[in-house]
Amino acid sequence: MGNVLDIQTTTRTELIDITERIRAAVRDSGVKEGLCAITTRHTTCSIIINENERGLRTDILGMLEKLIPHDQNYAHDQIDNNAVSHLRAILLGMSEIIPIEDGHLVLGKWQSILFVELDGPRNRSINIKILES
Ligand code: ZN
């Protein structure tokens, strides 16, 4: 079963909680046991799983700024001026896979699925693939 979620981002860099939308897709699929794969076809955004807490969201963006700062003479900036966005997307990854048990995503209490915009604002889409086992 496949599904596409559209996401409209509103700033250059932001984290958007998509947990409830993924849960709804799993519910609608009727799959009780299996896997949920969440992927994006874009090269300047990411999907991560972690706690959705305001301070931590700020810290994640601070970490990205520290690890992959602007103004580093990136080669890609000569043609597209967004090397930082690509490099950060590589660091965070473009997919997550979550088990499904008893019709529910297997996530811990503090785990949320976060879409990370790294070169917004843009119209984005993510693919949800639900496999029954
Ligand atoms: Zn680029």
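Residues numbered from 1 in each chain as written. Predicted model: local features only at pLDDT ≥ 70, side-chain atom pairs only at ≥ 80, totals over all residues. Heavy atoms only, no water.

Colleague: It is not clear to me how the overall build of the protein should be interpreted in this structure. Could you clarify?
Modeller: Per the secondary structure count, the protein includes 3 helices and 8 strands. Helices (α) and strands (β) of the protein occur, in sequence order from the N terminus, as β-β-α-β-β-α-α-β-β-β-β. Taken over the C-alpha trace, the protein has a radius of gyration of 16 Å; the compact-globule value for 133 residues is 14 Å, and the two agree within 12%. With the C-alpha coordinates of the protein rotated into their principal frame, the extents come out at 50 × 30 × 25 Å. Here the protein holds 133 residues, and the buried ones make up 39% of them. In the protein, the proportion of contacts linking residues at least 24 apart, taken out of those at least 6 apart, comes to 82%. Total accessible area computed for the protein in this model is approximately 7,700 Å², and 50% of it derives from carbon and sulfur atoms. Of the charged side chains in the protein, 14 are positive and 19 negative, and the gap between their average positions amounts to 2 Å. (Helix = DSSP H or I, 4+ residues; strand = E, 2+ residues; numbered from the N terminus. Rg over C-alpha atoms; globule rule 2.2 N^0.38 Å. Buried < 20%, exposed > 50% of the residue type's maximum accessible area, 1.4 Å probe, protein only. Contact = heavy atoms within 4.5 Å. Areas by Shrake-Rupley, 256 points an atom, 1.4 Å probe, with all protein chains shown as cover. Lys, Arg positive; Asp, Glu negative; His and termini not counted. Charge placed at Lys NZ, Arg CZ, Asp CG, Glu CD.)

Colleague: Honestly, the sheet that holds strand β2 (residues 14-17) in this entry has me stumped. Any pointers?
Modeller: Note: strands within a sheet are paired through backbone hydrogen bonds, in either parallel or antiparallel orientation. A sheet is described by the order of its strands in space; here 3 strands give the open sequence β2-β7-β4, paired in antiparallel fashion. Two strands close off the open sheet at either side, each with one partner strand: β2 and β4 (45-50). In this sheet, adjacent strand axes meet at a mean angle of 30° when their direction is disregarded. In this structure, β2 lies alongside strand β7 (residues 112-117), joined through 4 bridges in antiparallel fashion. Among the inter-strand pairings, Leu15 is bridged to a residue of β7, identified as Val116. (Pairing = 2+ DSSP bridges. Axes fitted to C-alpha atoms, helices over the stretch in contact; angles between N-to-C directions.)

Colleague: It is not clear to me how the coordination of the zinc ion should be interpreted in this structure. Could you clarify?
Modeller: Perfect tetrahedral coordination of a metal by four donors corresponds to 109.5 degrees between them, and perfect octahedral coordination by six donors corresponds to 90 or 180 degrees. Coordination of the zinc ion by the protein involves His76 (NE2), Asp80 (OD), Asn82 (OD1) and His86 (NE2), with metal-donor separations of 1.9 to 2.2 Å. Taken together, the 4 donor atoms coordinating the zinc ion span angles of 90 to 154° at the metal, a pattern that classifies the geometry as irregular. As a motif over one chain, the donors of the zinc ion read H-x3-D-x1-N-x3-H. With relative accessibility at 38%, the residue Asp80 sits in the partly exposed group. (Donors = N, O, S within 2.8 Å, 3.2 Å for Na, K, Ca; no water. Tetrahedral: all angles 85-135°; square planar, octahedral: opposite > 155°, others 65-115°.)

Colleague: Even after reading the chapter, I still don't get a nonpolar patch on the surface, so can you show me in this structure?
Modeller: Taken together, Leu35, Ile97 and Leu131 make up a surface patch of nonpolar side chains, about 280 Å² in accessible area. With respect to the helices, strands and loops of the structure, Leu35 is situated in strand β3 (residues 34-40). (Patch = residues over 30% accessible without salt bridge, like charges linked within 9 Å, V, L, I, M, F, W, Y side chains within 5 Å. Salt bridge = Lys/Arg side-chain N within 4 Å of Asp/Glu carboxyl O.)

Colleague: For this particular structure, what's the right way to read the environment of Glu20?
Modeller: Inspection of the secondary structure puts Glu20 in helix α1 (residues 19-29). In this structure Glu20 comes out as exposed when scored by relative accessible area, which is 52%. Sequence spacing of Glu20 and Thr10 is 10 residues, and the spatial spacing of their C-alpha atoms is 19 Å.

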